[in-house]
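A closer look at the structure
Residues per chain are reported as follows:
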Amino acid sequence: MSAEPGGYAAARLRLLTGEERSGPPRRAALAELTDAWLAGLLGEAGRGVALVAVGGYGRGELSPRSDLDLLLLHDGRDPRAVAGLADRVWYPVWDQGIALDHSVRTLEEVRRAAADDLRVQLGLLDARHVAGDAELTASLRAEQLARWRADAHRRLPELREAAQERAGRHGELRFLLEPDLKEARGGLRDTTALRAVAASWLADAPREGLEEARCALLDVRDALHLATGRPGDRLALQEQDQVAGALGLPDADALLRRVYEAARVISYAGDVTWREVGRVLRSRTMRARRPAPRAPLAEGVVEQDGEVVPARTARLERDPVLPLRTAAAAAQTGLPLARPAVRRMAAVAPPLPVPWPAEAREAFVTLLGAGEATVGVWEALDAEGLVTALLPDWERVRCRPQRNAVHRWTVDRHLVETVVRARSHVRRVGRPDLLLVAALLHDIGKGGPGDHSVTGGAIARDLAARMGFEAADTAVLATLVRHHLLLVETATRRDLDDPATVRTVAGAVGDTGTLELLHALTEADALATGPAAWSAWRAGLVADLVGRTRAVLAGEPPHGEEGGRLARPGAGAEDERLAREARRTGGPVLSLHTRAEAPVDGESGPPAPGPVGAELRIALPDRPGVLPAAAGVLALHRLTVRAADLHTAGPSGAAPDEAPVLLLSWRIAAEYGSLPGPDRLRADLVRALDGSLDVPARLAEREAAHRRAHRARRGGGAPPPRVTVAPAGSRLATVIEVRAQDAPGLLYRIGRALDGAGVTVRSARVSTLGADAVDAFYVTGPGGAPLPDAEAAGLARELERALGG
């Protein structure tokens with residue numbers, strides 16, 4: 001290869017744009033091409049000078065935009081001569097626009113740098129000769145490997161601590177929507193650490209699948225570099241489709257699933273390796289002792305050296321229940337499963353008969369009921385294919401991403417986390433086994449066509465039969481999976497004082513035993529989803545719905561059924577006071593109370609930093625335009641509406657022909673700063689109602705800025721809004737459901753569109769989940785009756801058009 005920059009640049013371009021080579025062959029070819037060019041640049045340097053590649057370049061793994069890690073090693077000769085050699089190499093590299101991490105050192109200087117900096121020593125473990133004095137490079141490699149092995153007892157704990165600190169900063173690669181392929185846990189940096197452990201000769205990482213996982217991440221990084229034309233390791237959302245296409249994958253979800261599967265292999269290998277390192281280091285610090293006896297844990301299961309393994313006398317090839325019995329024992333004791341034992345069980349143990357025997361089902365439930373310890377054991381089983389052998393449908397959710405900011409886990413890990421959360425509720429339900437199994441299966445329908453709840457209900461029925469549950473229990477499990485979203489969606493999106501709401505829930509659940517199981521599953525599911533999915537407010541709404549449904553299942557009529565209208569069974573003292581004052585004054589009356597978010601599920605400590613929350617109540621005589629006016633005023637004051645409820649209160653002792661009072665209850669938070677006072681909010685609301693405050697013009701600029709920011713963050717606009725008519729939502733009103741990207745003024749625009757359509761909003765439930773608003777409006781026509789089907793469908797279309805503009 002000519003040392004001329006043009007020759008190298010042209011050859012490099014041909015290599016990167018040609019389709020005949022990709023993956024490891026292209027990375028190796030790029031490294032060889034670069035070696036030849038750099039050797040030409042160095043020229044005849046003579047003895048005592050060597051150009052050495054370290055780090056990723058030392059491993060011969062050059063991605064299209066990787067930087068070059070180079071060491072110019074010398075024997076202490078004339079500094080000016082060495083500087084001239086360095087300039088002869090460094091400047092052409094910089095002229096090519098290639099990032100360069102470089103150093104010029106003697107062997108003694110290398111020793112000191114490696115002793116002071118762990119990352120320097122790790123890079124030197126991959127040192128590779130490029131040009132110059134090969135004997136000098138060989139001396140460097142031999143010395144650094146010897147020093148690493150001699151200092152392993154000190155360096156390896158330091159390396160593990162660095163890996164843990166890095167994971168804390170960058171998160172887990174296998175769960176992130178925009179992962180850092182290098183720095184996140186389970187990423188390329190961890191594979192480098194595992195190579196260093198192997199080089200120490202103290203322990204070795206599991207080899208099966210590890211090299212393939214590393215190559216998969218490198219392939220993704222190559223495609224990312226070529227797609228963006230710049231260096232980097234973060235797989236941003238807006239680049240995932242292009243990267244997927246370059247790798248021949250159908251879409252971004254397939255790309256993330258490949259990344260997650262690779263990261264899972266690397267993370268599991270790291271867990272096993274570091275556990276072995278800890279065991280070896282502990283044994284070195286203790287005097288020679290007899291081997292620890294094997295402590296029995298269950299039939300055919302023992303503890304050995306802090307791990308759970310089958311007993312020597314266990315007959316793996318004749319005992320299909322032994323893998324589950326071993327896993328249950330590990331989870332119950334909080335000990336890890338020995339990886340060789342898991343591999344042997346996967347290879348030798350016969351499959352469970354279908355339906356499972358009672359012993360297998362009991363061991364499976366015991367495994368699920370162990371709490372946090374379940375996660376590690378489940379991961380070990382999954383890594384060796386034992387989970388999909390037990391539950392074939394698990395493959396559809398394994399490593400499946402969830403493109404929703406509310407979710408913090410992949411589908412499969414979310415299911416296991418839900419099991420962990422459900423563990424704390426087993427004392428409050430009659431059938432803990434059904435709760436734990438339902439928690440594991442509730443999202444099993446994701447990844448298939450159609451509604452995942454409907455699909456999942458059918459799959460759960462088949463899996464329950466496979467596990468050997470009786471027909472009645474199988475039906476309950478299918479119901480729990482089919483309706484696992486019923487309580488939270490109904491409580492936050494429907495009017496609980498509409499008799500149809502509670503009767504619908506009671507009809508779907510069927511009995512109080514299933515209701516209590518569904519209540520516990522709802523909370524466990526939400527808590528396992530993420531912080532935005534559950535709050536004291538949501539918990540209270542769901543508990544209210546459960547109480548009303550339990551009463552109906554016991555034979556009591558639902559509240560409000562006798563009146564033939566949407567009516568509350570009784571207003572609180574605060575609402576009644578506000579309603580009386582609004583009738584007396586004929587104008588809006590407000591109350592504002594700040595509130596702290598209470599921890600849920602036994603969590604302790606102060607609330608997380610964030611906006612100041614408050615409860616705002618507004619009462620005023622019912623009239624057109626109230627909802628958009630109030631929503632517009634809140635938006636102008638930069639108040640985020642977390643949830644809202646709107647309903648009409650009757651005269652309550654006033655003259656029968658007197659106009660009813662509209663009561664609006666809001667949960668709000670200030671985007672920044674402090675909350676405005678109620679007097680200021682009232683004054684602006686009065687101005688909005690009489691038209692002297694131009695709400696549309698004031699909000700237009702904010703909405704435009706919000707949309708620009710959203711496009712900048714996500715690389716495109718938000719998904720279009722969707723407006724539907726809820727079938728059989730109420731006998732007394734038409735329920736219009738709006739799903740849209742939450743944005744300043746969204747509720748104002750919805751209210752304005754409904755007012756313009758000439759319908760009356762009798763009740764509303766507004767909720768925000770992450771970046772999405774899901775709002776339900778109970779509307780009636782001029783005569784106070786539900787809208788005819790065709791008119792309701794037309795209203796939904798008009799509202800969708802208005803919001804999409």
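Every value quoted in this text rests on a predicted model; they were computed, and no experiment measured them.

Here we come to the packing of aromatic side chains. One pass over the full model with this rule turns up six aromatic pairs. Look at Phe-364 and Trp-378: their rings are 6.2 Å apart centre to centre, the planes differ by 50°, and that puts the pair in the tilted class. Highlighted residues: Phe-364 in helix 15 (residues 358-368) and Trp-378 in helix 16 (residues 373-383), separated in sequence by 14 residues. Trp-378 carries the same exposure label as Phe-364, and that label is buried. Three or more aromatic residues joined by ring pairs form one cluster here, namely Trp-356, Phe-364, Trp-378 and Trp-394.

This next bit is on the nonpolar core. Counting 91 residues, the largest nonpolar core has Trp-356, Phe-364, Trp-378, Leu-391, Trp-394, Leu-440 and Met-467 as the members making the most contacts within it. Excluding residues within four positions of it along the chain, Trp-378 makes contact with Phe-364, Leu-367, Leu-368, Val-387, Leu-391, Trp-394, Val-416 and Leu-440. Core analysis: the second largest hydrophobic core is formed by 53 residues, Ala-614, Leu-664, Ala-670 and Val-779 among them.

It is worth spelling out the pattern of salt bridges at this point. For the coordinates displayed, the defined rule picks out 58 salt bridges. In this structure, Glu-158 engages Arg-155 in a salt bridge whose closest nitrogen and oxygen atoms are separated by 3.1 Å. Here Glu-158 pairs with Arg-155, and both are found in helix 8 (residues 152-170), just three residues apart, close to one helical turn. Across the salt bridge formed by Asp-271 and Arg-185, the nearest N and O atoms sit 2.5 Å from each other. You can see Asp-271 sitting in helix 12 (residues 252-285) and its partner Arg-185 sitting in the loop between helix 8 and helix 9 (188-200), a full 86 residues away along the chain. Residue Asp-271 is classed as partly exposed on the basis of its relative accessible area of 34%. When salt bridges that share partners are traced, they join Glu-172, Arg-174, Arg-185, Arg-264, Asp-271, Glu-379, Asp-382, Arg-398, Asp-412, Arg-413 and Glu-417 into one network.

Taking 1.5 Å per residue, 18 residues should reach 26 Å; helix 25 (residues 536-553) reaches 25 Å between its end C-alpha atoms and fits that length. Those residues of helix 25 that sit buried are Trp-537, Arg-538, Leu-541, Val-542, Leu-545, Val-546, Arg-548, Thr-549 and Val-552. Phi turns positive, to about 105°, at Gly-555, one or two residues after helix 25.

With that out of the way, let us pick up the sheet that holds strand 5 (residues 295-298). Taken in spatial order, the three strands make up an open sheet running 5-6-7, and their pairing is antiparallel. Among the strands making up the open sheet, the edge pair consists of strand 5 and strand 7 (307-310). In this sheet, neighbouring strand axes are inclined to one another by 40° on average, regardless of whether the strands run parallel or antiparallel. Note that strand 6 (residues 301-304) and strand 7 share four bridges and pair antiparallel. Each bridged residue has a counterpart across the sheet, and for Val-301 the counterpart in strand 7 is Pro-310.

Packing of helix 23 (residues 499-509) against helix 25 leaves a shortest axis separation of 9 Å and a crossing angle of 70°. Put simply, helix 23 runs roughly perpendicular to helix 25. Note on element contacts: helix 25 touches helix 23 through Leu-545, Arg-548, Thr-549, Val-552 and Leu-553, opposite Val-502, Arg-503, Val-505 and Ala-506. Looking at the contact of helix 23 with helix 25 residue by residue, the classes come out as six nonpolar, one polar and two charged.

What follows is about unusual backbone geometry. A cis amide bond, omega 0°, links Val-354 with the succeeding residue Pro-355. A positive phi angle, close to 70°, is found at Trp-201, a residue other than glycine. Checked against the element boundaries, Trp-201 lands in the loop between helix 9 and helix 10 (210-228). The exposed category is assigned to Trp-201, whose relative accessible area is 66%. For Cys-399, which is not a glycine, the phi torsion comes out positive at approximately 60°. Looking at the element boundaries, Cys-399 is found in the loop between helix 17 (386-390) and helix 18 (411-422). Using a relative accessible area of 1% as the deciding quantity, one classes Cys-399 as buried.

For the rest of this paragraph, the subject is the sheet that holds strand 4 (residues 128-132). The strand order 3-2-1-4 describes an open sheet built from four strands, whose pairing is mixed. Among the strands making up the open sheet, the edge pair consists of strand 3 (100-106) and strand 4. Direction aside, the axes of adjacent strands within the sheet are offset by 25° on average. Both strand 1 (residues 49-53) and strand 4 contribute to a ladder of four bridges, which runs antiparallel. Within strand 4, the residue paired with Leu-51 across the bridge is Ala-131. Against the sheet, helix 2 (residues 23-42) contacts strand 1, strand 2 (68-74) and strand 4, and its axis sits at roughly 35° relative to strand 4.

With that out of the way, let us pick up the environment of Ser-692. Take Ser-692: it is sitting in the loop between helix 28 (678-690) and helix 29 (695-714). Ser-692 sits in the partly exposed class, given a relative accessible area of 47%. Here Asp-690 takes part through its side chain, which lies 2.7 Å from a polar atom of the side chain of Ser-692.

With that settled, the discussion passes to the confidence of the model for the chain. Of the residues in the chain, 90% have a pLDDT of 70 or more, and the chain-wide mean is 87. Helix 29 is the least confidently modelled element of the chain, averaging 66 in pLDDT, while helix 21 (residues 471-482) averages 98, the highest of any element. Below a pLDDT of 50 lies the segment residues 597-611, which in the model reaches 22 contacts outside its immediate sequence neighbourhood of four places, other chains included. Between residues 712-716, whose pLDDT stays under 50, and residues either more than four places distant or in other chains, the model counts eight contacts.

Let's shift gears to the packing of helix 30 (residues 746-756) against helix 31 (residues 789-804). Where helix 30 meets helix 31, the axes come as close as 10 Å, and the angle between the chain directions of the two elements is 140°. Between helix 30 and helix 31, the angle is such that the two are oblique. As helix 30 packs across helix 31, the resulting crossing turns out to be right-handed. Residues Leu-746, Arg-749, Ile-750, Ala-753 and Leu-754 of helix 30 form the contact with helix 31, whose own contacting residues are Leu-795, Leu-799, Ala-802 and Leu-803. Considered class by class, the residues forming the contact of helix 30 with helix 31 number eight nonpolar, no polar and one charged.

On the secondary structure map, Gly-60 appears in the loop between helix 3 (55-58) and strand 2. By relative accessible area, which is 19% here, Gly-60 ends up buried. In sequence terms Gly-60 and Pro-24 are 36 residues apart; their C-alpha atoms lie 9.3 Å from each other. Those residues in contact with Gly-60 that sit more than four places away from it in its chain are Arg-27, Ala-28, Ala-31 and Arg-128.

Our focus in this paragraph is the side chain of Arg-339. Note that Arg-339 resides in helix 14 (residues 339-348). A distance of 3.4 Å separates a polar atom in the side chain of Arg-339 from a polar atom in the side chain of Glu-208. Those residues in contact with Arg-339 that sit more than four places away from it in its chain are Pro-206, Glu-208, Tyr-268, Val-272 and Glu-384.

The end-to-end C-alpha distance of helix 10 is 27 Å, a good match for the 27 Å that 19 residues give at a rise of 1.5 Å each. Helix 10 sits mainly inside the fold: 14 of its 19 residues count as buried. Residue Gly-229 follows helix 10 closely and has a positive phi angle near 75°.

Cut-offs used in this document
The residue numbering used here restarts from 1 in each chain and proceeds along that chain's sequence as written. At least 70 in pLDDT is required for a residue's local features to be given in this predicted model, at least 80 for side-chain atom pairs to be given and counted, and no such filter applies to totals for whole chains, interfaces and linings, which use all residues. Excluding hydrogens and water, the side-chain values take into account all heavy atoms of the structure. In this analysis, rings of Phe, Tyr and Trp, with Trp reduced to its six-membered ring, are considered paired at centre separations within 6.5 Å, and the interplanar angle assigns stacked below 30 degrees, edge-to-face beyond 60, and tilted for intermediate values. A run of H or I in DSSP counts as a helix once it spans at least four residues, and a run of E counts as a strand once it spans at least two, with each numbered from the N terminus. Relative accessible area decides the class of each residue, using a 1.4 Å probe on protein chains only: under 20% of the type maximum gives buried, over 50% gives exposed, and in between gives partly exposed. By convention a nonpolar core is built from buried Ala, Val, Leu, Ile, Met, Phe, Trp, Tyr and Cys residues, the set being connected through side-chain atoms within 4.5 Å. Residues are treated as being in contact if the distance between any of their heavy atoms lies within 4.5 Å. Throughout this description, the term salt bridge denotes a Lys or Arg side-chain nitrogen within 4 Å of a carboxyl oxygen of Asp or Glu. To estimate the expected span of a helix, count its residues, drop one, and scale the result by 1.5 Å. Strands were regarded as paired on the criterion that DSSP finds at least two bridges between them. Lines fitted to C-alpha atoms define the axes, with helix axes restricted to the stretch in contact, and inter-axis angles between N-to-C directions lie between 0 and 180 degrees. Any angle between 65 and 115 degrees counts as roughly perpendicular, while under 35 counts as roughly parallel, over 145 as roughly antiparallel, and the rest as oblique. Residues were grouped as follows: Ala, Val, Leu, Ile, Met, Phe, Trp, Tyr, Cys and Pro as nonpolar; Asp, Glu, Lys and Arg as charged; and all remaining residues, including Gly, as polar. Pairing of N or O atoms within 3.5 Å defines a polar contact, subject to two protein rules: one partner must be a possible hydrogen donor and the other a possible acceptor, and residues neighboring in sequence count only if both atoms are side-chain atoms. A score between 0 and 100, pLDDT records how confident the predictor is in each residue. Handedness of a crossing is defined here by the sense of rotation of the near helix relative to the far one, left-handed for an anticlockwise turn of less than a right angle and right-handed for a clockwise turn.

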